[in-house]
Amino acid sequence: MGRTSQKMYSPVAGLADPLMGNRNGGVKHAAGKDKYWVPADEEELLAAAECDDEDGRRPLLYIAREKQHPSYDHQAPEESRRAERAAPPFIVNFDGDHHEQHKNGKLVDDRNSHTIQDALATIWLSFEMLGGGGLALVVRPGVETERPGMPSPATGGDGAGLAEPLLANGDGGAAGQAFCSGGKDKWQWVPADEGEEEQGRPLLYRTFKVRGILIHPYRLINLARLILVIQFFIWRIRHKDSDNMTLWWITVVGDFWFAVSWLLNQASKLNPIRRVPNLELLNQRFDPPAGDGGAGEHLPAVDVFINTVMLNHPGDEPQLGAPASSDSPLDLSAVDVRLPMLVYIAREKRPGYDHQKKAGAMNVQLRVSALLSNAPFIINFDGDHYINNSSAFRAAMCFMLDDRHGEDTAFVQFPQRFDDVDPTDRYCNHNRVFFDATALGLNGIQGPSYVGTGCMFRRAALYGADPPRWQPPDGRSKAVMDSPWKQFGNSMPFINSVPLATQPVTPPASTLDERLAAELADVSTCAYEDGTEWGYGVGWVYNIATEDVVTGFRIHRKGWRSMYCAMEPDAFRGTAPINLTERLHQILRWSGGSLDMFFSRNCPLLAGRRLHPMQRVVYTNMTIYPVSAAFIFVYDLLPLMWLSGDEFYIQKPYTTYVAYLFAGIAMMEVSGMVEIKWAGLTLLDWCRNEQFYMIGATGVYPAAVLHSLLRLVGLKGLPFKLTSKPQSVSGGAPRERFAEMYEVKWSPLLVPTVVVMIVNVAAVGAAIGRAAAGGWSFVQLVGAAGGLLFNAWVLLLLYPFALGIMGRWSKRPYVLFVVLVVVLAAIASAYLVLLAVFAPRSVSPVWMERWSVVRAIVSPANWRI
Ligand SMILES: O=c1ccn([C@@H]2O[C@H](COP(=O)(O)OP(=O)(O)O[C@H]3O[C@H](CO)[C@@H](O)[C@H](O)[C@H]3O)[C@@H](O)[C@H]2O)c(=O)[nH]1
Ligand SMILES: [Mn+2]
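Here is what the cut-offs are and how they apply
Residue indices begin from 1 for each chain and proceed along its sequence in written order. For naming, the first written chain is A and the first written ligand is 1, with later ones following in the order written. Whole-chain, interface and lining totals are the exception, using all residues; otherwise, since this is a predicted model, local features are given only for residues with pLDDT of at least 70 and side-chain atom pairs are given and counted only at 80 or more. As a convention, hydrogens and water are excluded, and side-chain values are obtained from all of the structure's heavy atoms. UniProt positions are given in the numbering used here, feature names are shortened, and annotations may be inferred rather than shown by experiment. Strands here mean DSSP runs of E at least two residues long; helices mean DSSP runs of H or I at least four residues long; both are numbered from the N terminus. Buried residues are those whose accessible area, probed at 1.4 Å on protein chains only, stays under 20% of the maximum for their type, while exposed residues exceed 50% and partly exposed ones sit between those limits. Residue contacts follow a heavy-atom distance rule, with two residues in contact if any of their heavy atoms lie within 4.5 Å. Accessibility throughout is a Shrake-Rupley quantity obtained with a 1.4 Å probe, and a residue counts as covered only by protein chains that appear here. In these notes, a set of buried Ala, Val, Leu, Ile, Met, Phe, Trp, Tyr and Cys residues joined through side-chain atoms within 4.5 Å is what counts as a nonpolar core. Strand pairing is assigned whenever DSSP identifies at least 2 bridges connecting the two strands. What counts as an axis is a line fitted to C-alpha atoms, over the stretch in contact for a helix, and the angles between N-to-C directions run from 0 to 180 degrees. We define a salt bridge as a side-chain nitrogen of Lys or Arg found within 4 Å of a carboxyl oxygen belonging to Asp or Glu. Grouping into patches uses exposed residues only, defined as over 30% relative accessible area, and leaves out salt-bridged ones; the cut-off is 9 Å for like charges and 5 Å for nonpolar side chains (Val, Leu, Ile, Met, Phe, Trp, Tyr). In plain terms, two cysteine sulfur atoms within 2.5 Å form what is called a disulfide here.

Here is the UniProt Subcellular location (unreviewed entry) comment for the chain, exactly as written: "Golgi apparatus membrane".

See the structure below:
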């Protein structure tokens with residue numbers, strides 16, 4: 001398909017000014033490659049949508065830039081059009097469940113609409129599988145009416161809520177001050193940076209620490225627990241007394257591992273830090289409104305990366321937006337608008353080349369954007385996430401541009417928040433404990449880990465540069481300048497762009513001529529990365545299921561910091577898997593990937609001294625945690641003992657052992673209770689977290705351990721599945737709410753947890769049978785009660801799992817209890833019968849008498865009538 005260069009840049013229907021790259025004008029490409037490259041136009045987009053085979057995907061580049069096109073909506077459902085009209089000027093929304101977002105008219109935060117325009121953003125969409133159906137992108141041009149901290153029509157003239165995004169009620173005032181004093185739910189936090197303020201430096205963000213009345217008891221409890229744990233081990237070693245020494249050893253090792261993993265997990269939580277961006281100050285310093293003399297600098301540019309992968313979308317075809325026309329809902333004639341450049345990339349995929357999934361797509365975006373806009377900052381979103389608070393980009397800028405640690409800050413991570421999770425959050429999709437407690441602990445060290453989406457990066461950090469605080473005195477960053485082609489590949493324009501990526505303000509994007517188009521095509525090929533450091537030392541990291549944690553780790557390892565920014569309304573929101581099996585596969589991917597990282601050259605224990613010692617502890621915990629599950633699994637099966645005829649004790653004196661365990665667990669739980677206070681969580685959030693940990697620990701984490709062992713001996717390991725998302729169906733009958741949650745999808749991953757459940761229920765039944773048989777001493781009774789407590793605890797933790805495998809029945813949870821009681825009664829009586837038959841002496845005479853009656857009735861001798 002030869003195209004003249006003139007045609008290449010001519011407008012196509014649906015876009016006012018698209019610039020399409022194709023490689024035909026290029027000079028670098030061997031003719032043999034041609035079949036992988038096609039001109040990008042509308043028909044091709046449609047054709048590509050139908051091509052969803054994994055290998056041999058053709059690359060596609062589609063560029064629309066600047067001005068004039070008011071709406072670019074792939075789905076263009078009537079609802080979304082209405083929302084567009086109702087909402088203020090500038091919206092970017094990319095989300096798999098677009099329709100739902102519009103339902104309540106609450107598509108995005110509608111109070112401010114400047115983010116993208118102010119930050120001069122460029123948007124890059126990378127299609128893994130051009131499916132369009134679930135993707136909706138609405139880009140609306142900004143109108144010069146409102147600005148954070150200024151009266152805005154959308155907030156009825158009260159811009160205070162914008163100036164202080166962390167104040168839920170918008171009770172503004174000087175940023176940070178009101179946050180700690182006025183906010184009624186924020187009494188837990190006090191300023192921690194007063195000294196810095198005195199030096200008269202402008203603080204683009206404020207730092208808060210937990211109020212002493214909470215944090216001191218918290219630390220004290222954990223110190224006490226540490227002492228208790230040490231005491232416990234001394235006691236156990238001194239009392240090598242057990243009915244079964246093998247089990248004794250297993251439990252000593254197991255308890256020791258639990259102690260270590262508890263320490264790894266707890267240590268990083270002791271100094272939680274919250275940071276609050278001061279948007280008002282940012283606005284004063286940068287881009288002051290017209291009439292202010294215009295003395296301020298401009299905010300740096302941001303490239304916005306969005307990956308989309310469509311899964312199971314039944315025959316949805318992308319629709320390109322309607323051409324701008326007279327009945328367009330927006331009249332832009334009177335406003336000064338600048339629509340960001342919009343680039344669609346479907347990179348080349350070719351048999352024989354590992355496309356490296358998301359990491360591969362990110363790296364192509366990194367290169368293509370370097371050639372077109374080369375913004376010093378990048379923000380990335382998964383296809384299933386969208387922007388919810390348009391002040392978010394500016395909030396991130398507060399951290400990047402602050403005088404204190406700004407230039408050493410590689411990324412600003414926002415929490416992941418989710419829509420359409422059932423209200424009880426049955427499978428802990430919200431991950432509140434991580435995002436509201438753990439992350440704040442990391443914030444007090446070197447910074448939060450990168451979690452894959454909703455994260456603003458400094459481009460140079462992704463290229464492997466050293467942070468200024470670790471740069472050699474001669475000012476040259478070795479990592480970036482040494483033999484650049486070996487690191488970055490052969491594209492000279494790309495290599496030339498690298499040093500410019502650190503400039504605060506990016507020069508205007510280059511003009512898209514034929515040579516550039518060829519270059520863009522070239523950097524999107526599979527072969528481009530051959531023999532380079534892409535995926536290793538440069539960009540997103542390859543060959544791992546959790547590219548996010550590793551990519552963040554490599555950046556921290558170089559000595560960069562990161563910042564955590566939770567704001568209200570949530571900066572970004574996304575979708576989560578609410579089906580049990582999907583959720584388990586998700587955490588299998590995470591835990592398997594994490595363990596792979598531990599056993600790789602990116603092991604945190606191997607990192608150099610630039611990694612903060614406590615940050616090393618954090619990453620060690622983050623990668624090795626699945627190992628605990630091996631022990632948890634064994635412990636969960638210990639109740640099997642109840643089924644054996646004889647009773648025995650793992651550790652004697654048994655009551656002391658139980659007392660230690662009880663005290664240790666109680667202290668841990670109390671510590672958790674204090675933690676939810678300062679994290680602003682509910683008891684339910686916390687319970688769900690405990691429950692889901694146990695669910696993972698019984699089935700998924702052991703599988704992850706198995707996976708890593710397979711990989712260690714050179715096998716392939718387990719295959720990881722992509723998370724499938726709740727599908728939104730446009731039109732038709734309204735779907736059942738959370739239908740996906742009630743679907744039972746069998747998978748081997750469910751089996752171990754089912755086994756643990758059966759064992760524990762059976763143990764309780766047997767214990768009841770035994771107790772009923774009578775003849776127990778007091779000590780035996782106490783032992784039995786302790787055992788029962790353990791069983792009940794395990795079962796309570798597995799409750800959401802039980803609901804999950806009940807499918808639709810879980811809408812009536814009482815069914816579960818009826819079944820439980822019936823099963824327990826059945827097991828208890830069966831156990832009693834077994835005892836009567838095989839060990840009559842251990843059954844009390846009363847039961848034996850009854851038993852003889854029963855036997856007489858069922859005895860064949862009496863069957864004759
Ligand atoms: O071949 C692929 C696969 C995935 N993606 C993108 O990766 C995202 C993450 O996949 P998803 O199925 O949503 O998995 P989650 O478990 O929800 O993802 C979490 O965990 C991943 C690491 O396992 C991180 O990359 C994600 O950012 C993080 O949200 C998708 O939305 C896509 O945007 C691609 O671009 N290409
Ligand atoms: Mn996701």
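After that view of the structure, there is still more to cover.
Asker: Could you clarify how one ought to interpret the overall build of the chain in this entry?
Answerer: Scanning the chain from terminus to terminus reveals 30 helices and 15 strands. When each of the 865 residues of the chain is scored for burial, the buried share is 57%. For the chain, long-range pairs separated by at least 24 residues make up 80% of all intrachain contacts whose partners lie at least 6 apart in sequence. Of the accessible surface of the chain, which amounts to about 36100 Å², a share of 61% is contributed by carbon and sulfur atoms.

Asker: When you look at the UniProt feature "binding site: Mn(2+)" (unreviewed entry) in the chain in this model, what are you seeing that I'm missing?
Answerer: Taken from the UniProt record, the annotation "binding site: Mn(2+)" (unreviewed entry) applies to K358 and D382. The annotated residues occupy 25 residues of the chain but converge on a single region, no pair of C-alpha atoms lying more than 9.0 Å apart. Position of K358 relative to the elements: it lies in helix α12 (residues 357-372). Setting aside its immediate chain neighbours within four residues, K358 contacts N307, N380, D382, Y450, G452 and E547. Tracing the backbone shows D382 in the loop between β9 (377-381) and β10 (385-387). Take D382: its relative accessible area is 18%, and that puts it in the buried class. If sequence neighbours within four positions are ignored, D382 has contacts with I306, N307, K358, G452 and T453.

Asker: Explain the nonpolar core here, please?
Answerer: Nonpolar side chains tend to gather and get buried jointly when the protein is soluble and globular. The biggest cluster of nonpolar side chains holds 40 residues, and the ones touching the most others in it are L372, F457, Y463 and F494. Where this core is concerned, the elements lending two or more residues are β8 (342-346), α12, β11 (409-413), β13 (455-458), α15 (459-462), α18 (492-500) and α19 (514-523). When residues in this core are grouped by element, the largest group, eight residues, is from α12. When residues no more than four places from it in sequence are discounted, the contact partners of F457 are P376, F377, I378, N380, M400, A410, F411, Y450, L462, W540 and I555. L204, A396, M400 and M456 belong to the second largest nonpolar core, which has 34 residues in total.

Asker: Sorry, what's going on with the sheet that holds strand β6 (residues 273-277) here?
Answerer: Where strands meet in a sheet, backbone hydrogen bonds hold them as pairs that are either parallel or antiparallel. Sheet architecture is open: three strands sit in the order β4-β5-β6, paired in antiparallel fashion. Each end of this open sheet is capped by a strand with a single partner; those strands are β4 (189-191) and β6. Taken pair by pair, the neighbouring strands of this sheet meet at an average axis angle of 40°, ignoring direction. Sheet topology places strand β5 (residues 205-210) next to β6; five bridges connect them, and they run antiparallel. When the sheet's bridge partners are listed, T207 is paired in β6 with R275.

Asker: What's the story with the pattern of salt bridges in this structure? I'm lost.
Answerer: Charged atoms that come close allow side chains of opposite charge to pair. Per the counting criterion, the structure on display carries 23 salt bridges. Between R206 and D193 there is a salt bridge whose closest N-O contact spans 2.7 Å. Of this pair, R206 sits in strand β5 while D193 sits in the loop between β4 and α8 (194-198), placing them 13 residues apart in sequence. Each member of the pair, R206 as well as D193, carries the same accessibility label: buried. We note a salt bridge from R610 to D466, for which the minimum N-O separation is 2.9 Å.

Asker: Looking at this structure, how should I read a nonpolar patch on the surface?
Answerer: A surface patch of nonpolar side chains, about 510 Å² in accessible area, is lined by F599, L709, L712, V713 and L715. You can call F599 partly exposed: its relative accessible area is 40%.

Asker: How should the state of the cysteines be read in this particular structure?
Answerer: Where two cysteines share a covalent bond between their sulfur atoms, that bond is called a disulfide. For the structure on display, the rule yields zero disulfides. No disulfide involves C398; its sulfur sits 8.0 Å from the nearest other cysteine sulfur, which is in C565. Here C428 is not disulfide-linked; the sulfur of C687 is the nearest cysteine sulfur, at 11 Å. Relative accessible area serves as the criterion here: at 3%, C428 is assigned to the buried category.

Asker: Is there a simple way to explain the pairing of β6 in this structure?
Answerer: Regular strands place their side chains on alternate faces of the sheet. When you tally the buried positions in β6, you get five out of five residues, the bulk of the element. Burial along β6 is two-sided: I273, R275 and P277 facing one way and R274 and V276 facing the other are all buried.

Asker: Explanation requested: the sheet that holds strand β12 (residues 418-419) in the structure shown.
Answerer: A sheet is described by the order of its strands in space; here three strands give the open sequence β10-β15-β12, paired in mixed fashion. The open sheet terminates on both sides in strands that have one partner only, identified here as β10 and β12. Here β10 pairs with strand β15 (residues 572-575) via three bridges, running antiparallel. From the neighbouring strand, Y386 faces β15, where its bridge partner is R573.

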